[in-house]
Amino acid sequence: MQPPASLWWSSLELPVAPRAALGRHLDVDVAIIGGGFTGLWTARELKRRDPSLRIVVLEKEVCGFGASGRNGGWASAFYPLGDEAIISRHGRAAFDRLRRQLQQGVRTLGQSLAGDGIDADFVQGGTLDFARSELQARRLQQRVRDARELGYALEDLVWLEEREARERGRVAGALGATYSPHCARLHPARLVRGLAEVNERLGVEIYENSRVTRVMGSKGTSAAEVATAGGSVHARFVVRATEGFTPTLAGERRRVAPLFSLMIASEPQSRGFWDEAGFGHYETFADDRHLIIYGQRTRDDRIAFGGRGAPYHFGSTVEPRFDENPKVFSLLEATLRELLPHLEGGVAYRWGGPLAMARDQSPSVLVDYERGLASAGGYTGDGVVMSYVAANALADLLTAPDVTTDYTSLPFVQHRSRPWEYEPFRWLGINAALGAASWADRVEARNQRESRAGRWVERLLT
Ligand SMILES: Cc1cc2nc3c(=O)[nH]c(=O)nc-3n(C[C@H](O)[C@H](O)[C@H](O)COP(=O)(O)OP(=O)(O)OC[C@H]3O[C@@H](n4cnc5c(N)ncnc54)[C@H](O)[C@@H]3O)c2cc1C
């Protein structure tokens, strides 16, 4: 199955022809389930550390079918948890290490792409978060002050007054913006398809249309094992890299909650539009509403724009029809036109996909050496750089288990989030939080004061 028709898949240079499915038994060092960023970066980073490893990637559709081929293309240093929450859970030193590693991760991801010759439109132009009300301006200014107290360097996050913000990007009604240099925009499908090709050149075997139906940890002298309809693999380590699809695997229903993020893309905009709108350095952009939105100027001068708002589906089900939601698509278009009223033409593409949220909102990288089982994921909407950093941690853990590295000492490594509640509590809690976020935005827009619903959102989910 191909992913939904998106701007990203339609602008790939070559049509995607599926690779062969697994049709026999293999004995390998590492078997990876899932051909998205996590699976493919893990294979790439394992090969960097030990080129002799025999690695197989098993993908149920085609590489990039999941969120990795469909996302907003923000390669940012963002983390699903707020700074204060990270510090209270893991302490100040761990927070500092994480912040440094994520900021550095944006740059090293770009360098890695350049080194491998992957042209994924990577441009590190930073990110702008616009304040479109006095309330948002106060909140963002406070965030900059808090960042200073937490040891962020001056250039890591700055407040731009209205005039300075307009020099970078002109969004209707903006009173100012924060700017951080730690974000690049990229073309996610070019990245994930390019990564698959690089891995193949390095000798990684990739099988597509190969859904893993069974995973078994090693016992005594028998290796860990995975099975597909057409074959099986014995491996020293099996890595699960299935993110939003994880609940569809046996025994993993409550591991993460699949949430759906939806996107639209405009027609290419004229030179005149961009002269007016700015974003000359391909800064990614959002505003400070509770219900997350995200935009980027693409290489062909369109706007790719997305946001949350789609409901969570009972029982953590993941179905292709959830990738579309006419109400959310119209809301996205209306929001984009509100931000950039001179937008030319209609919406050219609409699509969406599942991401994964852990119960405590923390990503995790886990290795069970005894059973030969490993996994990485739970990045919520921040998986582009996080998957790269997580893959580096996994590669270190699998190739040098006794050595502590900059990656393996990060707080999400060997962190196990508690499982989600049983239904119907999971459905009630998550949809209440999503509802509270848009309610809070409406109340704040009307009353210009902080909404209590906004604070409930955090409490419901942590
Ligand atoms: C619309 C959208 C916008 C987003 N925007 C951003 C953004 O701008 N910035 C950001 O940082 N993050 C963003 N994210 C999140 C980010 O895309 C993900 O966190 C990241 O791509 C996860 O990569 P992954 O490889 O772990 O998972 P995925 O890319 O989902 O890959 C998992 C793969 O596993 C395969 N699979 C599942 N089950 C099986 C099985 N049983 N057997 C074999 N294969 C299986 C799937 O087919 C899939 O290809 C966005 C997500 C979405 C949906």
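Heads up: the structure comes first, above all this text.
Below is a summary of the structure that appears in this document.

Conventions we followed
Residues numbered from 1 in each chain as written. Predicted model: local features only at pLDDT ≥ 70, side-chain atom pairs only at ≥ 80, totals over all residues. Heavy atoms only, no water. Helix = DSSP H or I, 4+ residues; strand = E, 2+ residues; numbered from the N terminus. Rg over C-alpha atoms; globule rule 2.2 N^0.38 Å. Buried < 20%, exposed > 50% of the residue type's maximum accessible area, 1.4 Å probe, protein only. Contact = heavy atoms within 4.5 Å. Areas by Shrake-Rupley, 256 points an atom, 1.4 Å probe, with all protein chains shown as cover. Lys, Arg positive; Asp, Glu negative; His and termini not counted. Charge placed at Lys NZ, Arg CZ, Asp CG, Glu CD. Axes fitted to C-alpha atoms, helices over the stretch in contact; angles between N-to-C directions. Parallel < 35°, antiparallel > 145°, perpendicular 65-115°, else oblique. Nonpolar A, V, L, I, M, F, W, Y, C, P; charged D, E, K, R; others polar. Salt bridge = Lys/Arg side-chain N within 4 Å of Asp/Glu carboxyl O. Patch = residues over 30% accessible without salt bridge, like charges linked within 9 Å, V, L, I, M, F, W, Y side chains within 5 Å. Near = heavy atom within 4 Å. Polar contact = N/O pair within 3.5 Å; in protein donor to acceptor, adjacent residues only side chain to side chain. Pairing = 2+ DSSP bridges. 1 Å grid on protein atoms, 1.4 Å probe; cavity = no way out; pocket = protein on both sides within 12 Å on 5 of 7 lines; lining within 4 Å. Points joined across faces, edges and corners; volume = space filled by probe spheres on them.

1. A word on the overall build of the chain
- Helix and strand counts for the chain come out as 12 helices and 18 strands.
- Relative to the compact-globule value of 23 Å for 462 residues, the chain shows a C-alpha radius of gyration of 21 Å, a close match.
- The principal-axis extents of the C-alpha atoms in the chain amount to approximately 65 × 45 × 40 Å.
- Across the 462 residues that make up the chain, the buried fraction comes to 60%.
- At a minimum sequence separation of 6, the contacts of the chain that also span at least 24 residues come to 77%.
- If you sum the accessible surface of the chain, you get close to 19100 Å²; carbon and sulfur atoms cover 52% of it.
- Placing the 58 positive and 57 negative side-chain charges of the chain at their respective mean positions leaves the two points 4 Å apart.

2. Overview of the packing of helix H2 (residues 37-49) against helix H4 (residues 92-116)
- Running from N to C, H2 and H4 point in directions that differ by 70°, and their axes come no closer than 13 Å. In terms of orientation, H2 lies roughly perpendicular with respect to H4. Of the residues in H4, those touching H2 at Trp41, Arg44, Glu45 and Arg48 are Leu109, Ser112, Leu113 and Asp116.
- In terms of residue class, the contact of H2 with H4 is made up of 3 nonpolar, 1 polar and 4 charged.

3. Details of the pattern of salt bridges
- Under the criterion given, the structure shown has 37 salt bridges.
- Among the salt bridges present, the one from Arg299 reaches Glu13, with a minimum N-O distance of 4.0 Å. Of the two residues, Arg299 sits in the loop between strand E14 (293-297) and strand E15 (303-307) while Glu13 sits in the loop between helix H1 (7-10) and strand E1 (25-33), which places them 286 residues apart along the sequence.
- What makes Arg299 partly exposed here is its relative accessible area of 40%.
- Glu13 gets classed as exposed once you look at its relative accessible area, which sits at 57%.
- One salt-bridge network, held together by shared partners, links Glu13, Asp119, Asp121, Arg190 and Arg299.

4. Some points on a nonpolar patch on the surface
- A surface patch of nonpolar side chains, amounting to about 440 Å² of accessible area, comprises Phe314, Phe425, Trp427 and Leu428.
- Note on placement: Phe314 falls in the loop between E15 and helix H9 (326-339).
- Judged by its relative accessible area of 48%, Phe314 is partly exposed.

5. Comments concerning the site of the ligand
- Looking at the ligand, there are 37 residues lining it, with Thr38, Glu59, Ser68, Gly381 and Val384 nearest.
- Glu59 is positioned such that a nitrogen or oxygen atom in its side chain is 2.6 Å from an oxygen atom of the ligand.
- Within the contact set of the ligand, an oxygen atom lies 3.1 Å away from a backbone nitrogen or oxygen of Ala67.
- Calculation on the ligand without its partners gives an accessible area of 1000 Å², and the protein chains cover 99% of this total.
- Elements that contribute at least two residues to the shell around the ligand include exactly H2, strand E12 (257-266), strand E16 (347-357) and helix H10 (383-399).
- With 3 residues, the single largest contributor to the shell around the ligand is E16.
- Split by residue class, the shell around the ligand holds 16 nonpolar, 15 polar and 6 charged.

6. A closer look at the pairing of strand E11 (residues 232-240)
- Extensive coverage of E11 is indicated by the burial of 7 of its 9 residues.
- For E1 and E11, the ladder comprises 8 bridges, and the chain directions are parallel. Pairing of Asp27 across the sheet is with His234, part of E11.
- The sheet contact formed by strand E10 (residues 224-228) and E11 spans 4 bridges and is antiparallel. Counted as the bridge partner of Ala227 is Ser232 from E11.
- Where E11 meets strand E18 (residues 373-377), 3 bridges bridge the pair, whose relative direction is parallel. Bridging across to E18, Arg240 finds its partner in Ser375.

7. Considerations on empty space enclosed by the protein
- Counted under the stated rule, the structure contains 1 cavity of 30 Å³ or more.
- One number sums up the size of the largest cavity: a volume of about 160 Å³.
- Residue lining of the largest cavity: 15 residues in total, with Arg240, Arg255, Val256, Ser364 and Gly377 positioned closest to the centre.
- Elements represented by at least two residues in the lining of the largest cavity include exactly strand E17 (364-368) and E18.
- Among the elements that line the lining of the largest cavity, the one with the most residues is E18, at 3 residues.
- For the lining of the largest cavity, the per-class residue count stands at 4 nonpolar, 7 polar and 4 charged.

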